[in-house]
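Take a look at the letters that make up each chain.
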Amino acid sequence: MSKDSEKKIDQHVSTSQALDDEQRVKVLSPGMLVMKRFFRNKLAMAGLVILIAMFLFSFVGGVVSPYGESQVFRKTEYVWKDYAGATDNDAYIFTVKEGMNFPAAAQQKFILAVNQEQESFATNDAEYGLEKKGDVYYQITSAEPVATVLTLKGKSSYKEAGSTPVTDEIKEGYTEALEAGEDSFEVDGVTYSITKAGRQDMISVSGVIGIATKKVFNAVSQEDAPGFGFQEAALGAIAEDKSSFEYEDTKYEMQSLKGQAVEILKEGQVYATISSLLVSPQTAGSFLSLPFKEAVEEAILEKADTFTAINEKGEEEKYQLQRKNTQYVVRSQKKTTVNDTFRSPDSKHWAGTDGNGMDMLTRLMYGGRISLLIGFVVVIIEVVLGVIIGGISGYFGGWVDTILMRLVDVVICIPAMPLYIIIGSVMDYYKIDPRIRIYALCAILGVIGWPSIARIVRGQILSLREQEFMVATEATGIRISRRIFRHLIPNVIPQLIVFATMGLGDVILMEATLSFLGIGVKFPYASWGNIVNAVNDVYVLTNFPFVWIPAGCLILLTVLGFNFVGDGLRDAFDPKMKR
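Each chain carries its own residue numbering, running from 1 in the direction its sequence is written. At least 70 in pLDDT is required for a residue's local features to be given in this predicted model, at least 80 for side-chain atom pairs to be given and counted, and no such filter applies to totals for whole chains, interfaces and linings, which use all residues. Think of the side-chain values as coming from all heavy atoms in the structure, minus any hydrogens and water.

*Asks:* Would you mind showing me how to read the overall build of the protein chain here?
*Replies:* When you go through the protein chain residue by residue, the secondary structure sums to 19 helices and 20 strands. Note that the radius of gyration is over C-alpha atoms, with the globule rule given as 2.2 Å times the number of residues to the power 0.38. A compact globule built from 579 residues would reach a C-alpha radius of gyration of about 25 Å, whereas the protein chain, at 45 Å, exceeds it by more than 25%. Only protein chains enter the accessibility calculation, which uses a 1.4 Å probe; a residue is then buried when its area is under 20% of its type maximum, exposed when over 50%, and partly exposed in between. Counting all 579 residues of the protein chain, 40% fall into the buried class. Two residues qualify as a contact provided that any one of their heavy atoms is within 4.5 Å of a heavy atom in the partner residue. Considering only contacts in the protein chain between residues 6 or more positions apart, those separated by 24 or more positions represent 60%. Only the protein chains shown count as cover for residues, with accessible areas throughout obtained via the Shrake-Rupley method and a probe of 1.4 Å. Accessible surface for the protein chain amounts to roughly 32400 Å². Of this, 55% is attributable to carbon and sulfur atoms. Mean positive and mean negative side-chain charge positions of the protein chain (57 and 68 charges, respectively) differ by 19 Å. The helix and strand labels rest on DSSP assignments: H or I over at least four residues marks a helix, E over at least two residues marks a strand, and numbering proceeds from the N terminus. Asp and Glu count as negative and Lys and Arg as positive, but His and the ends of the chain are not part of the count. Here the site of a charge means NZ on Lys, CZ on Arg, CG on Asp, or CD on Glu.

In structure tokens:
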């Protein structure tokens, strides 16, 4: 090659870097032109930076985070818990003599008889009498049938007539009384009477079988709980205004305390108390000590909010006393392990913890994965369905186009939000697995959102199919599917990229809305939408902004980033843009 030719070539090649240089443009490919235009758009670059940051935060952050998505953090603290309850007792407490029976039906009849000021009542073929002992208690007597006895040829047959079983001791006592010509006998301290009833004898229980009082007996220990005989002797002494009484050859002294309580002393030591205040533990089977009950009663009389008493370990402990209507609740501090909920941001949890005690920053990372993946999967489904239906409709036209476009119209007319709510409620009813719900959510959003893409593809193909390159493909005998997807669809890809990019933001917003309403992604999986769902609680909304503001900001930034990138791609693909 001559030097003159080389010189002409060097003069033709431009060294200018300006995009509007004619010679420079001639050596740039269409892809390079689009790229140059895109990178020149400052908003598009800002959106790209935002999206890269979101992807790194969501997919890389979850890997490097020391915590798991559903890891719950717990803490140890002292909390006030209900320990006991107290109330002024206004119900009758029944104490039955050993070996006797006073069923619930008889207790109800007793209360009715007292209210009607009757001296006797009957139930279940048993007759009962009641005698009022001052204003302290009632003494209950009974003539309850025990058995009928038929004696033939020196042999007696017994037939039970009541709830008391006929023991060998009762049979032996009956035989001895019959031989001695007596009409009563005693077994284990219980007196039985014998009455004639035709050819049979009736054995019945007679005498005092129990007492009923509104006074509450409190014992020093669970093993020394006072029985029927002790209670009757103590109540009798109170009714007769005595300062002492004897029971089983032991003398007991009585002295009044504050209020209406009475303290019973045995050999100078407190043995029991009688009070009108009923103090009972919250835990079944627990025993409250006598000093504790006395401290509760004293605090109620003094209208104190707190008091100190000896606990079950023999140590002094502070208690709270709260009044609820006519009852009192005694609360104690207990060491317990609870979820570390709504913890403020610190060095351990940079974004705090949520209402379940989970690390907020880690939940935001994993939530970003779910939200972004749902966005991409839904857009892919929309593009695939839209390209297939729009491409076929635009290429064939005619009745095929009419049918497919009417299908598009039908799908567009479907009320999307009510459909999402109905499907979400059905999945809630059948308790669908949360992971399957995510797949179902992607499928539903994709199936509902493809018609707009189908219309774009159809419109582009309607204009492209009449051009010369399509006539050439038809003349060369290329099959129809290749004409559509190899020659037509690639010419629509720039518009699809722009539409899909901008549609990603819409899908993420829709997912966030559904999860916020509780019909999207379910616990334990996190998404930015169900994290923002915490604002349903006004208390959380006003007092713990670190729980919902970060997720809202991430949604805002991500949607904004996709919109910026989509606008940049639209401007870059625009052939009318100034070079």
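Picking up after the structure, the text goes on.
*Asks:* Help me understand the pairing of strand E6 (residues 144-152), please; the structure alone is not making it clear to me.
*Replies:* The side chains of a regular strand alternate, first on one face of the sheet and then on the other. A pair of strands counts as paired when DSSP detects no fewer than two bridges linking them. Strand direction decides the pairing type here: E6 and strand E10 (residues 200-206), joined by six bridges, are antiparallel. The partner of Ala-147 across the bridge, within E10, is Ile-203. Sheet analysis places E6 next to strand E7 (residues 155-160), joined by six bridges and oriented antiparallel. The partner of Val-149 across the bridge, within E7, is Tyr-158. Hairpin connection between E6 and E7: a loop of two residues separates the two successive antiparallel strands, and Lys-153 in this loop has a positive phi of roughly 55°.

*Asks:* How do you make sense of the side chain of Ser-371 when you look at a structure like this?
*Replies:* Inspection of the secondary structure puts Ser-371 in helix H9 (residues 360-396). In this structure, Ser-371 is in contact with Ile-508, Glu-511, Ser-527 and Trp-528, ignoring residues within four places of it in sequence.

*Asks:* Any chance you could explain the sheet that holds strand E14 (residues 250-256) here in plain terms?
*Replies:* Whether parallel or antiparallel, the strands of a sheet pair through hydrogen bonds between backbone atoms. Here five strands make up an open sheet; going across it, the order is E12-E16-E15-E14-E13 and the pairing antiparallel. Looking at which strands have only one partner, the edges of the open sheet turn out to be strand E12 (216-219) and strand E13 (244-247). The sheet shows a mean angle of 25° between the axes of neighbouring strands, taken without regard to direction. Strand direction decides the pairing type here: E14 and strand E15 (residues 262-266), joined by five bridges, are antiparallel. Across the sheet, the residue bridging to Tyr-252 is Lys-266, located in E15. In this fold helix H8 (residues 290-301) packs onto E12, E15 and strand E16 (269-275), with an angle of close to 45° to the strand it touches most, E16. Fitted lines through C-alpha atoms serve as axes, helices being fitted only where they are in contact, and the angles separating the N-to-C directions of these axes extend from 0 to 180 degrees.

*Asks:* Would you take a moment to explain the pattern of salt bridges for this structure?
*Replies:* As a working rule, side chains carrying opposite charge can pair if their charged atoms are close by. The rule for a salt bridge is simple: a side-chain nitrogen of Lys or Arg has to be within 4 Å of a carboxyl oxygen of Asp or Glu. In the structure shown here, the tally under the stated rule is 16 salt bridges. Between Glu-253 and Lys-251 there is a salt bridge; the shortest N-O distance is 3.8 Å. Assessed through its relative accessible area of 35%, Glu-253 is described here as partly exposed. The structure contains a network of salt bridges with shared partners spanning Lys-75, Glu-77, Asp-340, Arg-343 and Asp-346.

*Asks:* Looking at this structure, I do not really get a negative patch on the surface. What am I missing?
*Replies:* Residues enter patches when they are more than 30% accessible in relative terms and free of salt bridges; like-charged ones are connected within 9 Å and nonpolar ones (Val, Leu, Ile, Met, Phe, Trp, Tyr) within 5 Å. A cluster of acidic side chains, namely Asp-168, Glu-169, Glu-172, Glu-176, Glu-179, Glu-186 and Asp-188, defines a negative patch on the protein surface. At five residues, the largest contribution of residues to the negative patch is made by helix H6 (residues 168-180). Examined against the element boundaries, Glu-172 turns out to sit in helix H6.

*Asks:* Could you clarify how one ought to interpret the nonpolar core in this entry?
*Replies:* Generally speaking, soluble globular proteins have nonpolar side chains that are buried together. Among the buried residues, those of types Ala, Val, Leu, Ile, Met, Phe, Trp, Tyr and Cys that are joined through side-chain atoms within 4.5 Å form a nonpolar core. Counting residues in hydrophobic clusters, the biggest one holds 48 residues, and the most contacted among them are Leu-364, Ile-374, Tyr-420, Leu-445 and Val-521. For this core, the secondary-structure elements that each account for two or more residues are helix H3 (30-40), helix H4 (42-64), H9, helix H12 (434-449), helix H16 (493-516), helix H17 (528-532) and helix H19 (545-573). With 10 residues, the single largest contributor to this core is H19. Each residue touching Leu-445, except ones within four places of it in the same chain, is listed here: Ile-374, Val-378, Glu-382, Tyr-420, Met-510 and Leu-514. Judged by nonpolar contacts, the second largest core, of 29 residues, contains Phe-94, Ala-147, Val-166 and Ala-212.

*Asks:* It is not clear to me how the environment of Met-202 should be interpreted in this structure. Could you clarify?
*Replies:* Looking at the secondary structure, you find Met-202 in strand E10. Sequence separation of Met-202 and Ala-147 is 55 residues, and the distance between their C-alpha atoms is 6.1 Å.

*Asks:* So what exactly am I meant to see when it comes to the environment of His-349 here?
*Replies:* With respect to the helices, strands and loops of the structure, His-349 is situated in the loop between strand E20 (327-339) and H9. Taking the C-alpha atoms as reference points, His-349 and Pro-415, 66 residues apart in sequence, are found 42 Å from one another.

*Asks:* Honestly, the packing of aromatic side chains in this entry has me stumped. Any pointers?
*Replies:* Remark: the centre distance and the inter-plane angle together describe each pair of aromatic rings, the angle taken between the planes. In this analysis, rings of Phe, Tyr and Trp, with Trp reduced to its six-membered ring, are considered paired at centre separations within 6.5 Å, and the interplanar angle assigns stacked below 30 degrees, edge-to-face beyond 60, and tilted for intermediate values. In the structure shown here, the tally under the stated rule is 31 aromatic pairs. Between Phe-121 and Tyr-128, the ring centres sit 5.2 Å apart and the planes meet at 20°, which makes this aromatic pair stacked. For the pair Phe-121 and Tyr-128, one class covers both residues: buried. Here a set of aromatic residues connected by ring pairs shows up, and it is made of Tyr-92, Phe-94, Phe-102, Phe-110, Phe-121, Tyr-128 and Tyr-138.

*Asks:* Help me understand the packing of H4 against H19, please; the structure alone is not making it clear to me.
*Replies:* Relative orientation and spacing of two packed helices are given, respectively, by the angle between their axes and the distance between those axes. Contact pair H4 / H19: the axes reach a minimum separation of 7 Å and the direction vectors enclose 135°. By the criterion of interaxial angle, the relationship of H4 to H19 is oblique. Every pair of crossing elements has a handedness; the one defined by H4 and H19 is left-handed. Residues Leu-43, Ala-44, Gly-47, Leu-48, Ile-50, Leu-51, Met-54 and Phe-57 of H4 form the contact with H19, whose participating residues are Leu-554, Leu-557, Thr-558, Gly-561, Phe-562, Phe-564, Val-565 and Gly-568. A class-by-class count of the residues in the contact of H4 with H19 yields 12 nonpolar, four polar and no charged. Orientation categories follow fixed angle ranges, with anything under 35 degrees roughly parallel, anything over 145 roughly antiparallel, 65 to 115 roughly perpendicular, and all other angles oblique. Helix crossings get a hand from a simple test, with the near helix turned counterclockwise from the far one by less than a right angle marking a left-handed crossing and a clockwise turn marking a right-handed one. Three residue categories are used. Nonpolar comprises Ala, Val, Leu, Ile, Met, Phe, Trp, Tyr, Cys and Pro, charged comprises Asp, Glu, Lys and Arg, and polar comprises the others, including Gly.

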